[in-house]
Structures are given as C-alpha cells and as structure tokens.
Amino acid sequence: MGNYDLLKTNWKKLKDQVTDQAKKLEKPSLQKEYDSNAKLIDLVPYEKFSIGQASFAKVAYQRRSRRKGSDQPLTLEELSFLLFFTNGVKRMDRPMFRTVPSAGARHAFETYIQVVRVKGIDEGLYRYLPLSHQLLFVKKGSNDEVITGFLGQNFNAGVLFMWTAIPYRMAYRYKSETEKLILIDVGHLCQNLYLACEAVGLGACGIGAYDQEYIDSYLEVDSNEEFVVYNATVVK
Ligand SMILES: Cc1cc2nc3c(=O)[nH]c(=O)nc-3n(C[C@H](O)[C@H](O)[C@H](O)COP(=O)(O)O)c2cc1C
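Read on for an overview of the structure. Within each chain, residue numbers correspond to sequence positions counted from 1 in written order. With the structure being a predicted model, the display of local features is reserved for residues of pLDDT at least 70 and the display and counting of side-chain atom pairs for 80 or more, all residues being used for whole-chain, interface and lining totals. As a rule here, side-chain values come from all non-hydrogen atoms in the structure, and water together with hydrogens is ignored.

## Structural notes on the site of the ligand
The condition is simple: When we say a residue is near a molecule or strand, we mean one of its heavy atoms is within 4 Å of it. Under the rule applied, a polar contact is a pair of N or O atoms within 3.5 Å (in protein, one hydrogen donor and one hydrogen acceptor; residues adjacent in sequence only if both atoms are side-chain atoms). Only the protein chains shown count as covering a residue, and every accessible area follows the Shrake-Rupley method with a 1.4 Å probe. Helical segments are the DSSP runs of H or I of at least four residues, strand segments are the runs of E of at least two, and each set is numbered from the N terminus. Under this grouping Gly is polar, as are all residues other than the nonpolar Ala, Val, Leu, Ile, Met, Phe, Trp, Tyr, Cys and Pro and the charged Asp, Glu, Lys and Arg.
Taken together, the neighbourhood of the ligand is formed by 13 residues, with Arg63, Ser65, Arg67, Gln153 and Gly208 sitting nearest. In this structure, a nitrogen atom belonging to the ligand sits 2.5 Å away from a side-chain N or O atom of Gln153. Protein contacts shield 53% of the accessible area of the ligand, which totals 620 Å² for the unbound molecule. Tallying contributions element by element places strand 8 (residues 203–207) first for the shell around the ligand, with three residues. In the shell around the ligand, the residues fall into six nonpolar, four polar and three charged.

In structure tokens form, the structure reads like this:
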C-alpha cells in the first residue's frame, strides 16, 4: 500500500499548528533570486499577443497529448504565450493575480525551460521570471541531458518544460497540507500549458515519468528546498 494519507486533507489539524506565517516570520519570496548582471530576454506581453484567439470550447475539446514534433522552431510570441498562461502575473499589487490558481495564492513553483528550437533564442536552459515576464539565461546545458532525464521521451520537442516546487512557500501558511496542495496546484500549470498549446497550434505532453535526481542535478537545485515535481514537452 502507498502513502495515501498524502492525498487526503486534515484541515482541522492545521488549526492546532503554529505556522511560520502566524509567527510573523519573513515571507518567502515569490520568485527565486537571480544575479542582477544575468542575461535577460524580454518576452512578448499579453497586450501584444496576436495569437490564441480560438474558442475555449474548441481548444478544450481538441486537447490531447501530442507526441510528434516537426523541425519548425517556435516563435518568441508562442513561447511568451505559453509561459504567461502557465505561470504569468496579471496584477502585481496584493493580492497578486496570476493566470493559474494556487491554494492561498502561494504559487510555490519556478518554471525552467530547455530551449531546443525557438526563433531568435539560443539553445539552452532558462528560467521564467513571472514578476517581470522575462527569461533568465541559466546555462547552455544540453538538450540530450534533459531528454535523458525524461527517460528518453523526446517527441522532437521544441521546448522542454520543468516545474520545480519550493515547498516552503506553501508550508509557510499551510504546514501539514503542503504536499497535497502543491500536487494539486502543479496540475493547474500543466493543464493551462495543454490548453495554451492547443490554442496556438502547438502540442503539449505532461511528463510524470522522469529521473528525479538527474533533472534536479541538471537544474542545479538542491532536491530538498527546491526540486522538480512535473515536466512537459512542447511540439510544433
Ligand atoms: C500526471 C501526468 C503524467 C504524465 N506522464 C507522461 C509521461 O511521462 N509520458 C507520456 O508520454 N505521457 C505522459 N502523460 C500523458 C498521458 O499519457 C495522457 O494524458 C493520457 O494517455 C491521456 O491522453 P490525452 O492526454 O491525449 O487525453 C502524463 C499525463 C499526466 C496527466
């Protein structure tokens, strides 16, 4: 038998726990820090999107996991669209509104992408900065390494998504509910990726079968305070 307790809630127990928020400890940051000298790429903002006008009914109906990519590169606008609708910020003041829901607006995720083929962007590993809607260059890395981490699942993808969780952002308020809420939340990100892809003629496939240690090490995260919880491939 598995640890099914993880899937259940015990909200009443939470009332007896003193959270770090209740102790008024410093709030966890909404976005991981980065070096101010790092190379940043401005993404196309929501107001300038010219794509993705298909009806919701059509998009939701035709959604499926797509595993056959062409050699065509994605455009910067397409990539911007996917990043904005999977984890973008709509309103910065408090409470902050984003394109995906999150329990208590904790938004415990960071989005990393390995760019394989995007017009005008060098191949490599990047991190999305939702607060400024930019891409942070992390390293050149290697597409093959990410694909190895995805246990060989490639699908000739143009972009490989990797979502890490920083559990403390959730634990700060929800303590023993953290695991369940993070797992529910990450599904929202990937579902939006699926729908955003369908809306612009791309295809997504969620990747839950991956090598945890390998991808964590590729992303240079410590596997404890930050680790991968879900991934996806995007094909054109
Ligand atoms: C949590 C999750 C993990 C998944 N992991 C993989 C995966 O590792 N490899 C893969 O090819 N498909 C993966 N999929 C896609 C499913 O196989 C797919 O959603 C399912 O077969 C239903 O097909 P559809 O998405 O086209 O409706 C995953 C889907 C989900 C929701």
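Having seen the model, we can carry on.
## Structural notes on the packing of aromatic side chains
Here is the rule we go by: Stacked, tilted and edge-to-face pairs are distinguished by plane angle, under 30 degrees for stacked and over 60 for edge-to-face with tilted covering the rest, among Phe, Tyr and Trp rings (Trp via its six-membered ring) whose centres lie within 6.5 Å. Whether a charge lies above a ring is judged from NZ of Lys or CZ of Arg, which has to be within 6 Å of the ring centre and within 35 degrees of the ring normal.
Under the defined criterion, the tally for this structure stands at 13 aromatic pairs. Among the aromatic residues, ring-to-ring pairing joins Tyr46, Phe49, Phe81, Phe84 and Phe85 into one connected group. Against the face of Tyr194 rests Arg63, its NZ or CZ located 4.9 Å from the ring centre. When the ring centre of Tyr218 is taken as origin, the NZ or CZ atom of Lys139, which lies over that ring, is 4.3 Å away.

## Some details on the pairing of strand 5 (residues 124–129)
Filter applied, for reference: A 1.4 Å probe rolled over the protein chains alone gives each residue an accessible area, and that area as a share of the maximum for its type sets the label: buried under 20%, exposed over 50%, partly exposed in between. Pairing between two strands requires that DSSP report at least two bridges joining them.
With respect to burial, strand 5 is a largely interior element, six of its six residues being buried. Every second residue of strand 5 is oriented toward a common face, with Gly124, Tyr126 and Tyr128 on one face and Leu125, Arg127 and Leu129 on the other, all of them buried. As paired elements, strand 4 (residues 109–115) and strand 5 share four bridges and run antiparallel to each other. Its bridge partner lying in strand 5, Ile113 is registered against Tyr126. For strand 5 and strand 6 (residues 134–139), the ladder comprises five bridges, and the chain directions are antiparallel. Looking at the pairing, Tyr126 lines up with Phe137 of strand 6.

## As for a nonpolar patch on the surface
Spelled out, the test is: Residues enter a patch when their relative accessible area is above 30% and they make no salt bridge; the linking distance is 9 Å between like charges and 5 Å between nonpolar side chains (Val, Leu, Ile, Met, Phe, Trp, Tyr). Salt bridges, as used here, are contacts in which a Lys or Arg side-chain nitrogen is within 4 Å of a carboxyl oxygen on Asp or Glu.
Among the surface-exposed residues, Met1, Tyr4, Leu6, Leu7 and Leu183 lie close enough to one another that they form a single nonpolar patch of about 590 Å² accessible area. With respect to the helices and strands, Leu7 occurs in the segment before helix 1 (11–14).

## Thoughts on the pattern of salt bridges
Two side chains bearing opposite charge may form a pair once their charged atoms approach each other closely. One pass over the structure, following the stated rule, counts ten salt bridges. Between Lys23 and Asp20 there is a salt bridge; the shortest N-O distance is 3.5 Å. A relative accessible area of 17% places Asp20 in the buried class. Note that Arg169 and Glu110 form a salt bridge whose closest N and O atoms lie 2.5 Å from each other. Remark: Glu110 occurs in strand 4 and Arg169 occurs in helix 5 (residues 168–174); sequence separation between them is 59 residues. Of the two residues, Arg169 and Glu110, both sit in the buried class. Residues joined in a network through salt bridges with shared partners are Glu110, Arg127 and Arg169.

## Quick word on helix 3 (residues 76–87)
Where we set the bar: Multiply 1.5 Å by the residue count of a helix minus one, and that product is the helix's expected span.
Here helix 3 contains twelve residues, and its C-alpha end-to-end distance of 16 Å stays within 8% of the 16 Å for a straight helix at 1.5 Å per residue. A large share of helix 3 lies buried, amounting to ten of its twelve residues.

## With respect to the environment of Trp163
Along the chain, Trp163 turns up in strand 7 (residues 159–165). Expressed as a C-alpha distance, the spacing of Trp163 and Leu189, which sit 26 residues apart in the sequence, is 8.8 Å. In terms of polar contacts, Trp163 uses its side chain to reach the side chain of Thr111, at 3.4 Å.

## Quick notes on the nonpolar core
Selection rule: Residue types Ala, Val, Leu, Ile, Met, Phe, Trp, Tyr and Cys, when buried and joined through side-chain atoms within 4.5 Å, form a set referred to as a nonpolar core.
Counting 47 residues, the largest nonpolar core has Leu82, Ile113, Leu135, Phe161, Trp163, Leu193 and Val234 as the members making the most contacts within it. Ranked by the residues each element gives to this core, the list is headed by helix 6 (residues 178–199), at eleven residues. Formed by 19 residues, the second largest nonpolar core is a distinct cluster that contains Tyr112, Cys205, Ile215 and Val235.

Geometric descriptors of this kind do not, in isolation, establish any biological role.
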